[in-house]
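What the coordinates show
In case you want the letters, here they are:
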Amino acid sequence: MLKDQQGTQIMAPIFSDFLDEPGMPKIINMFLDEIPKRIAALELFFNEDNKDEFCKMIHQLKGAGGGYGFPMITRMASGIEKKFRVPKKEWKQEVQKNLEDFISTLHRIHAGKDISGDT
Amino acid sequence: MAEENPIPRVLAIDDSELIHRLLETRLQGERLELHSASSSEKGLNKARALKPEVILLDIGLDGMNGFELLEKLKEDSETRNIAVIFISGSNEPMDRVKGLDLGAIDFITTPFDAFELKARVRSALRTQHLMKLLEQRAQLDGLTGLWNRRYFDQRMIQEISEAKRHSRPLSLVLCDIDRFKRLNDQFGHPFGDSVLEKIAQILSGGRTSDIACRYGGEEFGLILPSTNIESGTEVAERLRMAIESIVWPGNPDLVVTTSFGICDTENFGDDITPETMLKNADSALYKAKEAGRNRVESAHPKKSGSKRSKKILRTLFLFCIEFMQSKTFQRTLNRWLKKIQFRECLR
């Protein structure tokens, strides 16, 4: 854990593996720009018990995360996806902990935005 | 005759904008034109309109899923031969099996490696290119390089339908080499082959829109889209003269001539079929042969009777009915019948 000037613990940002690859910084930044919107949507679907939309978004992040240089997103989203197989009523309980960790990781990825730059 | 090698088209069908952006970036620099569709319905319509060489298809699409979409593509003769590569986050072996069994040629799992993606797409495009070459080969005449009879038949159906849809004329020219058997007998078959090749070269060297085919033996077919019989006759006449003036190496005094028969779609209305056009062009060709060869003859379909002649026929018909009902006619008829009966009795 890193600490800010006031001594508060902050989580280390995560950077994309593909920042040096042609054309990638531009779309990585677009991806990072959309992270807050995606976090809000995930929380909304979860709170509204909208399993279909929630699953769809997790599935999309699983497919795209690694492609944008964030294999951790793919791994974590895949872990959440496995929990969807439980009976419908219990899915939220099953997913809750993983979702918190996942959102926290998405925040760390978003924090990496300013440093990634564009070329 | 083979077409140029155009830039291949790849269509990505995926409901995730993230994947579209990634594909666009990762496939940049590849010799291909990337198109995208964000749903199965849009994808199916785009596939039909665009006829891409390769489709990159997601499985988990809303509404019609990727497997169902692939089935639809395979049902349609227009999209059946498009190579489909599934791109999916699914790690289920049964999904791969199902996709491949349905006719997909490959399966890429997301997140994909950029180099692997490019290599797989290139490989699919290569296979498609070879398939197209094979298909084209099957439609070309081995000796002359012109389209063959099979292609001619397909193209006639297509061009007639286009002509009807856009209400534009279409001409068909049949060309036959005069006394070709005699040429073969006199100068040998290798020379006969060179005559066919040279004439094919002239026939295919006309306007780019014209479709020259070897119809069979020493007979050629020329489909002339958007051309009426007058313009078509001019085209045929130019070709006839060009063929007549060929100087044959080793036989400078020899003059090889051709006869042409032409017809067009005008005056046929919606009843026109490839068979009727062929029949008419063939009759015109026969007329050219009968009239001494080395000439162009055109066919005009028999027009249905004019309004005036129809009116005369109708009046005549009514008159006959009236006459048959008259007493004079019946008396005459009775007399004839009695005479016949009397003659029968005498026998």
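Here the structure is a predicted model, which means the values were calculated and not measured.

Residue and element names in this part refer to chain B. Ranked by size, the top nonpolar core spans 53 residues in total, and within it V54, I55, L56, L57, V84 and I85 carry the most contacts. In contact with I85, not counting residues within four places along its chain, are V54, L56, L57, A104, I105, D106, I108, R120 and A124. Core analysis: the second largest hydrophobic core is formed by 42 residues, L172, C175, V235 and M277 among them.

Scored by pLDDT, chain B has a mean of 89; 90% of the residues are at 70 or more. For this predicted complex, the interface confidence score (ipTM) comes to 0.85, while the overall pTM stands at 0.66.

With that settled, the discussion passes to the confidence of the model for chain A. When the pLDDT values of chain A are averaged, the result is 85; 85% of them are 70 or greater. Put simply, strand β1 (residues 2-3) of chain A is where chain A has its lowest mean pLDDT, 52, and helix α2 (residues 35-47) of chain A is where it has its highest, 95.

Residues and elements named next belong to chain B. Positionally, A83 belongs in strand β4 (residues 83-88). The buried category is assigned to A83, around which 21 C-beta atoms lie within 10 Å. Measuring from C-alpha to C-alpha, the distance between A83 and V10 comes to 9.5 Å, with 73 residues separating the pair along the chain. Apart from the residues within four sequence positions on either side, A83 is in contact with E53, V54, I105, A124, T127 and Q128.

The next point concerns the packing of helix α3 (residues 51-65) of chain A against helix α1 (residues 17-26) of chain B. Where α3(A) meets α1(B), the axes come as close as 9 Å, and the angle between the chain directions of the two elements is 15°. By the criterion of interaxial angle, the relationship of α3(A) to α1(B) is roughly parallel. Taken as a pair, α3(A) and α1(B) cross one another with a handedness that is left-handed. From α3(A), Q60(A), G63(A) and A64(A) reach across to α1(B), where they touch L18(B), I19(B) and L22(B).

The description of two helices packed together rests on the angle between their axes and the distance between the axes. All names here are of chain B. With their axes 10 Å apart at the nearest point, helix α3 (residues 66-75) and helix α4 (residues 93-102) run at an angle of 10° to one another. As far as their axial angle goes, α4 and α3 are roughly parallel. In this structure, α3 uses F67, L70 and E71 to contact α4, whose residues at the interface are K98, G99 and L102.

Okay, the sheet that holds strand β9 (residues 258-264) of chain B next. All names here are of chain B. Read from one edge to the other, the open sheet built from 5 strands follows the order β7-β8-β6-β9-β10, with strand pairing classed as mixed. What marks the edges here is a single partner per strand, and that holds for β7 (211-216) and β10 (296-298). Going across the sheet, the axis of each strand differs from the next one's by a mean of 20°, ignoring polarity. With 3 bridges connecting them, β9 and β10 associate as parallel partners. Counted as the bridge partner of I262 is S298 from β10. The strands touched by helix α6 (residues 149-165) are β6 (170-177), β7 and β8 (219-225); relative to β7, the strand with the most contacts, the crossing angle is about 135°.

The next thing to look at is the environment of V95(A). Residues and elements named next belong to chain A. Of note, V95 is situated in helix α5 (residues 91-111). With 15 residues separating them along the chain, V95 and I80 place their C-alpha atoms 6.2 Å apart. In this structure, V95 is in contact with I80 and K83, ignoring residues within four places of it in sequence.

A separate point is unusual backbone geometry. For residues other than glycine, phi is negative in most cases, and the peptide bonds are mostly trans. Residue and element names in this part refer to chain B. Cis rather than trans, the peptide bond between T110 and P111 has omega equal to -5°. Position of P111 among the secondary structure elements: in the loop between β5 (106-109) and α5 (114-137). A positive phi is found at K51, a non-glycine position, where the angle reads about 45°. Mapping K51 onto the fold places it in the loop between α2 (40-50) and β3 (54-57). In this structure K51 comes out as partly exposed when scored by C-beta crowding, with 13 C-beta atoms within 10 Å.

Turning our eyes to something else, we now look at the sheet that holds strand β1 (residues 9-13) of chain B. Residue and element names in this part refer to chain B. Within the open sheet, the 5 strands sit side by side as β2-β1-β3-β4-β5. Their pairing is parallel. Strand pairing shows two members of the sheet lacking a second neighbour, β2 (33-37) and β5, which therefore form its edges. This sheet shows a mean twist of 20° between the axes of neighbouring strands, independent of strand direction. Examined bridge by bridge, β1 and β3 share 4 bridges and lie parallel to one another. Bridging across to β3, I13 finds its partner in L57. Running at roughly 170° to β1, α2 makes contact with β1, β2 and β3 of the sheet.

Each value, and the rule that gives it
Residues numbered from 1 in each chain as written. Chains lettered and ligands numbered in written order. Predicted model: local features only at pLDDT ≥ 70, side-chain atom pairs only at ≥ 80, totals over all residues. Core = buried A, V, L, I, M, F, W, Y, C linked by C-beta atoms within 7 Å. Buried ≥ 20, exposed ≤ 12 C-beta atoms within 10 Å, placed from the backbone. Contact = placed C-beta atoms within 7 Å. pLDDT = per-residue confidence, 0-100. Helix = DSSP H or I, 4+ residues; strand = E, 2+ residues; numbered from the N terminus. Axes fitted to C-alpha atoms, helices over the stretch in contact; angles between N-to-C directions. Parallel < 35°, antiparallel > 145°, perpendicular 65-115°, else oblique. Left-handed = near helix turned anticlockwise from the far one by under 90°. Pairing = 2+ DSSP bridges.

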